[in-house]
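# Fold and geometry: a report
Now for the letters of each chain:
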Number of protein chains: 2
Amino acid sequence: MRGRARARLIAVARADEAPDTVVEGAQVFLAHTREWVSGDVAIADGMVAGIASFEGGERIDARGRWLVPGFIDAHMHVESSKLTPAQFARAVLPHGTTAIVCDPHEVANVLGSDGVHWMLDASEGLPLSVFVMAPSCVPASAFESPRRELTVGDMEAILRRRRALGVAEMMNFPGVIAGDAGVLAKLEVRGASHTDGHAPGVTGRALDAYAAAGIRSDHEATSVEEALEKRRRGMWVLLREASNARNLRDLLPLVREHGPDFCAFCTDDREPDMLLREGHINQMCRLSVAEGIPVEDVLAMATLHAAQAHRLDGYGAIAPGFRADVLVLDDLTSFAPSLVLAGGRVAARDGVAEPFAVPDIPAHVLGTVRSAPVAEADLVLEADGPVRVIEIVPEQLITIERTVDPARSTGHVVADPSRDLAKIAVVERHHATGRVGRGLVTGFGLRDGAFASTVAHDAHNVVAVGVDDADILACAARLQALGGGIVVARDGRITGELPLPVAGLLSDRPVEEVVERLDTLHAQLRELGVTIEAPFMTLSFLALSVIPALKITDRGLVDVDRFQIVPLAAG
Amino acid sequence: MRGRARARLIAVARADEAPDTVVEGAQVFLAHTREWVSGDVAIADGMVAGIASFEGGERIDARGRWLVPGFIDAHMHVESSKLTPAQFARAVLPHGTTAIVCDPHEVANVLGSDGVHWMLDASEGLPLSVFVMAPSCVPASAFESPRRELTVGDMEAILRRRRALGVAEMMNFPGVIAGDAGVLAKLEVRGASHTDGHAPGVTGRALDAYAAAGIRSDHEATSVEEALEKRRRGMWVLLREASNARNLRDLLPLVREHGPDFCAFCTDDREPDMLLREGHINQMCRLSVAEGIPVEDVLAMATLHAAQAHRLDGYGAIAPGFRADVLVLDDLTSFAPSLVLAGGRVAARDGVAEPFAVPDIPAHVLGTVRSAPVAEADLVLEADGPVRVIEIVPEQLITIERTVDPARSTGHVVADPSRDLAKIAVVERHHATGRVGRGLVTGFGLRDGAFASTVAHDAHNVVAVGVDDADILACAARLQALGGGIVVARDGRITGELPLPVAGLLSDRPVEEVVERLDTLHAQLRELGVTIEAPFMTLSFLALSVIPALKITDRGLVDVDRFQIVPLAAG
């Protein structure tokens, strides 16, 4: 805010000019002292001018209610919502989220740095404040095939953009701890104010080594002890409640016993159904208060602390010169705001977002499935003797490596639904190389048909699972035609689909439609015998070659513990 | 820290390479959790690698003792010490101060932006980390005559320097609150990460207006209520203990009742005798603990909080990847470190600084007294009837305006020691304009002779007080010859002097010598009848035209309340 607007804000604070808006008579949360005061909050040009008694302006009666700063998500990936930034904003604003710090590394895998620049463009002017960290780990490993590697130069170009803050989660913690020069170079990019971490289970000397690299946050702690070790080393502890990693309840004793300093909330990866049915940061507030954490500490973590963790001056508090992101709460237990102001304007009311202009989607982020046509020969599994099988672990990202004597037909290894052995294939889709990684997977319970997705962490090639090659081929062909999405096939034809035209990752539809589509697909999978929760999410992580034990990319099976490509044949 | 040094630090943390130094077995303060843990602290290339058990390296036995981060002064002016940055470092390192954030606005008044650049040059490579804020208020008012105005362009040039952080204390709070465009422009300079405030006694709507300008700290609060108001508005409260403003004890109830969040320590202006005899930030720790504040809260305010207030990543804690500024304390009451490590090297031991290379002083900061020769005619006071007199208030910066029927001789108003009425003159000394402001002052008790100084806030022209014109002229001539300093004269000749050759503000000698010289001058003034404490400090503020009520500059008497030049003749 500069020049005349700043002078006007100051004049409104002095009560010499009328505010644009006054929220009257609420109990106002002061994040810097974790106190409540009563008063009118005056807003001018999207900023808070002061808390006192004010005349004029549009009046919002909040007497008998609570006024708190808008919630901030300290670390997340918009792509997990399968929504564009605009639709994501529409989904979370009613829950009171007014700012996010996102790492757009999924679109970066598909679109290179153009994907990150698009994320910035596509979030320009939204009522939701979208801050971006420069992805540090594209590709996630040498076994993955994204469009291209994101270089230090790409990161520096991203960091020249307004709203780009620092280096996104450094997932290559073994590389950091080993002191790998290429990895450390990514921590030294120009223009970064700070670096986020990602160090699951890393403690002791290894954590010292990781922190010594200058990494100042982590969102992967799953126990109080781990989180406390990180906080002691000067790292912000970003308490996480993701669709696939609900860590909040386990971590709250840290806050109860050691206070909320250097703690903030984050969602990391939330599927659209969780956003729709449970909420966003407000769900974390609800849970924390229910678990007995003082509401003032909860609100500090949900607001100011996230801003501090990211050096976001002027966010996260209701104070003069801060952005007027303000929630009216009717109670301090449900955290369902009856009114959401973002930048001083009404952004949501009673759980519904107000309409806002949605940026057009440019052609270059569409039509990104460029796989070579897949033929039956691409799915042939050849191996003598026992073979490796990926065993999924329900509701976890890790897998187990099993050794199995497979069924064979005409000399080839084939799926065997009677023993829950399905075929899995990863088809390279960025450069039409025709590369197809093949293997077997167990644990889905699939008895018939196939399903496939272009959401396949982190390179987002086409990943398909099936007990029938024709159905797998139908899925691959349909994804090519759709430009990406999630599909189910049976008897050689597609039975259901969720198109994800943007980068093969995101729908352009509202969250309600996306969830409805996914519900339908889930029902179809259940009919095909799939018993686990969230099979598409599980599928999407089978290609992520940095989480143990046995994974698969377009280059083949990856033994993550030994960090090398392994053949289908075991031993 | 980049490249190979970073990789080595990480290797030391892993215990794969030997550290440079290991501080063994102390109780180590963890600033982020305000806990103590026992362990070895490993240091490599000036940084902390980890806290664990380490082999090799130079060993420092700290068993049975306490290890805390080096102290940080969150707001101060080096010039108040009358020491060069190197001599200041030598003075405060033994007290455990390893970093300061200074506003060099005194040298900026004398030397323009060159003075600030010199402050940065002269502090390069010192064991003390010196951070600089870009002065925002040179001149302090339109009634003062510094070398030249410091412009927005000058500030931006300063902020391009390494170790330059943000906008220094915005003292023109009336200008901010009024929304003055020129003042607001200084808050919008490029390259500033944040802006420090200065808002004595400002509360309520006026404080809202001041904070709405984006100002995020204040060090002028003198009461808990005022400090709490500031903290509630998102401003860092920098608790001050200066030579002329000992506010700490009055403010500590804020910490006791509301915790240490958003509180840090600062010294603002400390005279050399206070540094030598009482210490620096460690004196504030000593006092705070004696007043019953938990030692962990005290240490957080003296270290990490100051770093946070100034976005100084990697300072203020003993944690991996933080600068190894570390103090060994034998107790937690005296805060007299037995060993001080700065950047991993021994900087002081048992109260004595280790030798270090002192930068040469360049010629352009010397010989800055460029006043025109002063003649008896320049001191003539002409006024009919009663006249205005500046009445000093002991130990305060404010003055009172009195009206007196003066003594007269040959038609001119003259000093009258029998009624404690002395002559005061301010001689412009930057451009040899020959401008001399003249008036009368009461309250010193001077019976004979004169004294004068080139330390005269903020423009630092020559200020002289005397009951004998010949002695005043002797003082002015001697200051010209010295290139600045403090002098005393009697019977037409100089009886004592402290040369301050650097900008007319700083000695190039160690603190002990400066204090000894000042002690001698104080004794001489007592012989001349001066009864008040710290007469030179009082003198130096009589020219500061922004503190009520009646002050004097080279342009004449200033009625600060009406903010205009007024004649000697009253009414």
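Residues numbered from 1 in each chain as written. Chains lettered and ligands numbered in written order. Predicted model: local features only at pLDDT ≥ 70, side-chain atom pairs only at ≥ 80, totals over all residues. Heavy atoms only, no water.

With that out of the way, let us pick up the relation of the copies chain A and chain B. When chain A is brought onto chain B, the operation consists of a screw motion whose angular component is 180° and whose axial shift is 0.0 Å, with 0.1 Å RMSD remaining. Such values leave the two copies arranged in the relation of a two-fold axis. Minimal C-alpha distance to the rotation axis in chain A is attained by arginine 311 of chain A, lying at 3.9 Å. Interface overlap between copies is the fraction of interface residues in one copy that are interface residues in the other; for chain A against chain B it reaches 100%, indicating a shared surface. (Least-squares fit on C-alpha atoms with pLDDT ≥ 70 in both. Contact = heavy atoms within 4.5 Å.)

What follows deals with the sheet that holds strand E29 (residues 550-553) of chain A. Residues and elements named next belong to chain A. Read from one edge to the other, the open sheet built from three strands follows the order E29-E30-E31, with strand pairing classed as antiparallel. A strand with exactly one partner marks an edge of an open sheet, and here the two such strands are E29 and strand E31 (564-566). Ignoring strand direction, the axes of neighbouring strands in this sheet form an average angle of 45°. Of the pairings in the sheet, the one linking strand E30 (residues 556-559) to E31 comprises three bridges and is antiparallel in character. The residue of E31 that forms the bridge with aspartate 559 is glutamine 564. (Pairing = 2+ DSSP bridges. Helix = DSSP H or I, 4+ residues; strand = E, 2+ residues; numbered from the N terminus. Axes fitted to C-alpha atoms, helices over the stretch in contact; angles between N-to-C directions.)

Residue and element names in this part refer to chain B. Strand order in this open sheet of eight strands is E20-E19-E24-E23-E26-E25-E27-E28, and the pairing throughout is mixed. Each edge of the sheet is formed by a strand with only one pairing partner; in this case those strands are strand E20 (399-404) and strand E28 (493-499). Neighbour-to-neighbour, the strand axes of this sheet turn through a mean angle of 25°, independent of strand direction. Across seven bridges, the pairing between strand E23 (residues 421-427) and strand E24 (residues 436-442) is antiparallel. In the strand pairing of E24, leucine 421 is matched with threonine 442. The sheet contacts of helix H16 (residues 511-527) involve strand E25 (450-453), strand E27 (485-490) and E28, and relative to E28 the element is tilted by about 150°.

Across all of its chains, the model carries twelve aromatic pairs over all chains by this definition. Both rings, one in phenylalanine 444 of chain B and one in phenylalanine 451 of chain B, keep their centres 5.3 Å apart while their planes meet at 85°; by these two values the pair is edge-to-face. Grouping residues by exposure puts phenylalanine 444 of chain B and phenylalanine 451 of chain B together as buried. A network of ring pairs unites the aromatic residues Phe444, Phe451 and Phe536 of chain A as a single cluster. Positioned over the ring face of phenylalanine 54 of chain B is arginine 205 of chain A, at 5.0 Å from the centre of the ring. (Phe/Tyr/Trp six-rings, centres within 6.5 Å; stacked < 30°, edge-to-face > 60°. Buried < 20%, exposed > 50% of the residue type's maximum accessible area, 1.4 Å probe, protein only. Lys NZ or Arg CZ within 6 Å of the ring centre and 35° of its normal.)

Before going further, it helps to spend a moment on the packing of helix H12 (residues 281-290) of chain A against helix H13 (residues 295-302) of chain A. All names here are of chain A. At a minimum axis separation of 10 Å, H12 and H13 run at an interaxial angle of 155°. Classed by the angle they form, the pair H12 and H13 counts as roughly antiparallel. Seen along the crossing, H12 lies across H13 with a hand that is right-handed. Counted together, Ile281, Cys285, Ser288 and Val289 of H12 and Val295, Val298 and Ala302 of H13 form the full contact between these two elements. When the residues that make up the contact of H12 with H13 are grouped by side-chain class, the tally is six nonpolar, one polar and no charged. (Parallel < 35°, antiparallel > 145°, perpendicular 65-115°, else oblique. Left-handed = near helix turned anticlockwise from the far one by under 90°. Nonpolar A, V, L, I, M, F, W, Y, C, P; charged D, E, K, R; others polar.)

For the bond from valine 138 of chain A to proline 139 of chain A, the omega torsion is 5°, close enough to zero to count as cis. Looking at the secondary structure, you find proline 139 of chain A in the loop between strand E8 (129-134) and helix H5 (152-158). One non-glycine residue, phenylalanine 262 of chain A, adopts positive backbone phi at about 55°. One non-glycine residue, alanine 15 of chain B, lies in positive phi territory at about 70°. One can find alanine 15 of chain B in the loop between helix H1 (3-13) and strand E1 (21-30). You can call alanine 15 of chain B partly exposed: its relative accessible area is 40%.

The subject of this paragraph is the interface of chain A and chain B. Facing the 52 residues of chain A at the interface are 52 residues of chain B. Where chain A abuts chain B, roughly 4,300 Å² becomes buried across the two surfaces, and 51% of that area is made up of carbon and sulfur atoms. At the boundary of chain A and chain B, one finds nine salt bridges. The residue aspartate 313 of chain B makes a salt bridge to arginine 311 of chain A at a minimum N-O spacing of 3.3 Å. There are 24 residue pairs in polar contact (both at pLDDT 80 or more) connecting chain A and chain B. Elements supplying a minimum of two residues to the side of chain A that touches chain B: helix H1 (3-13), strand E3 (47-52), helix H6 (173-178), helix H8 (204-212), helix H9 (224-232) and helix H14 (304-309) of chain A. Counting residues per element, the side of chain A that touches chain B draws most heavily on H1 of chain A, at six residues. For the side of chain A that touches chain B, the per-class residue count stands at 25 nonpolar, twelve polar and 15 charged. (Buried area = accessible area lost by both parts, 1.4 Å probe. Salt bridge = Lys/Arg side-chain N within 4 Å of Asp/Glu carboxyl O. Polar contact = N/O pair within 3.5 Å; in protein donor to acceptor, adjacent residues only side chain to side chain.)

So, on to the side chain of aspartate 269 of chain B. Residue and element names in this part refer to chain B. Within the secondary structure layout, aspartate 269 lies in the loop between strand E14 (263-266) and helix H11 (272-277). This buried residue, aspartate 269, is left without a salt bridge; arginine 240 holds the nearest opposite charge, at 5.8 Å. The contact partners of aspartate 269, leaving out residues within four places of it in the chain, are His77, Ser80, Ala242, Ser243 and Asn244. (Lys, Arg positive; Asp, Glu negative; His and termini not counted.)

Turning our attention to the pattern of salt bridges. Summed over all chains, the structure comprises 85 salt bridges over all chains. The salt bridge partner of glutamate 17 of chain B is arginine 8 of chain B, with a shortest N-O separation of 3.8 Å. Salt bridges sharing partners connect three or more residues here, namely Arg34, Asp261 and Asp297 of chain A together with Arg34, Asp261 and Asp297 of chain B.

Residue and element names in this part refer to chain B. Neither face of strand E15 (residues 326-329) is left uncovered, since the one carrying Val326 and Val328 and the one carrying Leu327 and Leu329 both have all their residues buried. Where strand E5 (residues 66-69) lies against E15, four bridges are found, and the strand directions are antiparallel. Bridging across to E15, leucine 67 finds its partner in valine 328. In this sheet, strand E16 (residues 339-342) lies alongside E15 in antiparallel orientation, the contact comprising three bridges. The residue of E16 that forms the bridge with valine 326 is leucine 341.

All names here are of chain A. Phe265, Phe444 and Phe451 are the most contacted members of the largest nonpolar core, which has 170 residues in total. The greatest single-element share of this core, amounting to six residues, is contributed by helix H16 (residues 511-527). Setting aside chain neighbours within four positions, we find phenylalanine 444 in contact with Ile392, Asp420, Phe451, Val465, Gly529, Val530, Thr531, Ile532, Pro535, Thr538, Leu539 and Leu542. (Core = buried A, V, L, I, M, F, W, Y, C linked by side-chain atoms within 4.5 Å.)

This part takes up the environment of threonine 495 of chain B. All names here are of chain B. Topologically, threonine 495 is positioned in strand E28. Its relative accessible area of 32% is what places threonine 495 among the partly exposed residues. For the pair threonine 495 and phenylalanine 536, spaced 41 residues apart in sequence, the C-alpha separation works out to 16 Å. With sequence-adjacent residues up to four places away left out, threonine 495 is seen in contact with Val488, Ala489, Arg490 and Gln524.

Of all the ten residues making up H12 of chain A, eight are buried; the element is thus mostly covered by neighbouring parts of the structure. Residues of H12 of chain A that are buried: Ile281, Asn282, Gln283, Met284, Cys285, Leu287, Ser288 and Val289 of chain A.

Parts of the prediction with low pLDDT should not have their coordinates interpreted in detail. The predicted model of chain A averages 97 in pLDDT, with 100% of residues at 70 or higher. Note on the complex model: pTM 0.96, ipTM 0.94. (pLDDT = per-residue confidence, 0-100.)

This part is about the pairing of strand E14 (residues 263-266) of chain A. All names here are of chain A. Here E14 shows two buried faces, one formed by Cys263 and Phe265 and the other by Ala264 and Cys266. Pairing of strand E12 (residues 236-242) with E14, which is carried by four bridges, proceeds in the parallel orientation. Paired with leucine 238 across the bridge in E14 is alanine 264.

Residue and element names in this part refer to chain A. Position of arginine 240 relative to the elements: it lies in strand E12. Distance in space between the C-alpha atoms of arginine 240 and histidine 32 is 23 Å, their sequence separation being 208 residues. When near neighbours in sequence (up to four residues on either side) are disregarded, arginine 240 contacts His219, Glu220, Ala245, Arg246, Asn247, Leu248, Leu251, Cys266, Thr267, Asp268 and Met284. Within the structure, the side chain of arginine 240 is placed 3.0 Å from the side chain of asparagine 247, a separation counted as a polar contact. Within polar-contact distance, the side chain of arginine 240 engages the side chain of aspartate 268 at 2.7 Å.

A few words on H1 of chain A. What sets the pattern is the α-helix's 3.6 residues per turn: residues three or four places apart point alike. Inspection of H1 of chain A places Arg6, Arg8, Leu9, Ile10, Ala11, Val12 and Ala13 of chain A among the buried residues, and these make up the whole buried set. Those residues of H1 of chain A that are buried lie in contact with strand E2 (35-44) and E3 of chain A together with helix H6 (173-178), helix H7 (181-186) and helix H8 (204-212) of chain B. Of the residues one or two after H1 of chain A, alanine 15 of chain A is the one with positive phi, at around 70°.

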